[in-house]
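# Inside the fold
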Amino acid sequence: MDDPEQPYRRRPGQPRRAAVSTLLRAALVAAGLVTVYYVLPLDGRGTRGESVLLACGLLLVVVVFWWQVRAIVTSPHPRLKAVEALATTAALFLLLFAGAYFLLEHTTPGSFSEPLTKTDSLYFTLTTFTTVGYGDIVARSQTGRVLAMIQMAGGLLLVGVAARILAGAVQAGLRRQGREPSDGFPTRRKD
């Protein structure tokens, strides 16, 4: 009954359950990271410590991303795992910068056009990431502007390079299962 030409068989409903499970897991991870961001006691006591914290945080983003890429290759659903990986990595990256902006404003008051709360910092981060443009909150200090530029460049890398790496991992995962990577659109068998 086992067909060696078909190493990966889908049961009816399995892809839908996997998709719902993946989206739910990604939403829970993002919600958990946002909760940690708001609960973490960021008091802003020294700029050297924050610089080290930002560097360690960026290293953590790279490590989590690389771990996710390896998980995509071995996953039975590499496309779904890639969606989860991108959601996790993007949330971690954005919250890292939101924390950095919050700490910068509290260690060097006046770095932005207005004092930043954690929500304001997250808003500024998303405004920078999405390239919507500024209006109400802008970086005034040189350090604030440099930090915003680092986030802009990192965002471009996250979207461009990370997307390419994730796509390659999906292809490797599909090849590992003996399935050919398609153009990204699922095909249905005609019975």
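Before going into details, it helps to say that this report is about the structure given with it. (Residues numbered from 1 in each chain as written. Predicted model: local features only at pLDDT ≥ 70, side-chain atom pairs only at ≥ 80, totals over all residues. Heavy atoms only, no water.)

A few words on the packing of helix α4 (residues 118–129) against helix α5 (residues 142–176). Each pair of packed helices can be summarised by the angle the axes make with each other and by the distance between the axes. Closest axis-to-axis distance for the α4/α5 pair is 9 Å, and the angle between their directions is 55°. Here α4 lies oblique to α5, going by the angle between them. Where α4 crosses over α5, the handedness of that crossing is right-handed. Mapping the contact onto sequence places Phe124, Thr125, Thr128 and Phe129 in α4 and Ala148, Gln151, Met152, Gly155, Leu158 and Val159 in α5. Taken together, the residues that form the contact of α4 with α5 break down as six nonpolar, four polar and no charged. (Axes fitted to C-alpha atoms, helices over the stretch in contact; angles between N-to-C directions. Helix = DSSP H or I, 4+ residues; strand = E, 2+ residues; numbered from the N terminus. Parallel < 35°, antiparallel > 145°, perpendicular 65-115°, else oblique. Left-handed = near helix turned anticlockwise from the far one by under 90°. Contact = heavy atoms within 4.5 Å. Nonpolar A, V, L, I, M, F, W, Y, C, P; charged D, E, K, R; others polar.)

A word on the pattern of salt bridges. Under the counting rule described, the total for this entry stands at two salt bridges. Residue Glu84 pairs with Lys81 through a salt bridge whose shortest N-O separation is 3.5 Å. Linking Glu84 with Lys81, this pair stays in helix α3 (residues 78–107), spanning three residues, or about one helical turn. Considered together, Glu84 and Lys81 belong to a single accessibility category, that of buried residues. (Salt bridge = Lys/Arg side-chain N within 4 Å of Asp/Glu carboxyl O. Buried < 20%, exposed > 50% of the residue type's maximum accessible area, 1.4 Å probe, protein only.)

A separate point is α5. Across its 35 residues, α5 extends 49 Å between first and last C-alpha, which sits within 8% of the 51 Å expected from 1.5 Å per residue. Ala162 marks where α5 bends most, by close to 30°. Taken from the residues just after α5, Gly178 is the one with a positive phi, measuring 85°. (Expected span 1.5 Å × (residues − 1). Bend = angle between axes of the 7 residues up to and from the residue.)

Another point: α4. With twelve residues, α4 extends 16 Å between its outermost C-alpha atoms, agreeing within 8% with the 16 Å of an ideal straight helix rising 1.5 Å per residue. Of the residues making up α4, those classed as buried are Lys118, Asp120, Ser121, Leu122, Phe124, Thr125, Thr127 and Thr128.

Another point: the nonpolar core. Ile72, Phe93, Tyr101, Phe112, Phe124, Leu147 and Leu166 are the most contacted members of the largest nonpolar core, which has 30 residues in total. Of all the elements in the fold, those that place two or more residues in this core are α2 (47–74), α3 and α5. Per element, the largest residue contribution to this core is eleven residues, and it comes from α3. (Core = buried A, V, L, I, M, F, W, Y, C linked by side-chain atoms within 4.5 Å.)

Here the focus is the side chain of Ser121. Position of Ser121 among the secondary structure elements: in helix α4. Separated by 3.4 Å, the side chain of Ser121 and the backbone nitrogen of Phe102 make a polar contact. Those residues in contact with Ser121 that lie beyond four places of it in its chain are Tyr37, Ala98, Tyr101, Phe102 and Leu116. (Polar contact = N/O pair within 3.5 Å; in protein donor to acceptor, adjacent residues only side chain to side chain.)

Note on placement: Thr89 falls in helix α3. Here the side chain of Thr89 touches Ala85 through a polar contact of 2.8 Å, landing on its backbone oxygen. Residues contacting Thr89, with those up to four places away along its chain left out, are Val61, Phe65 and Leu158.

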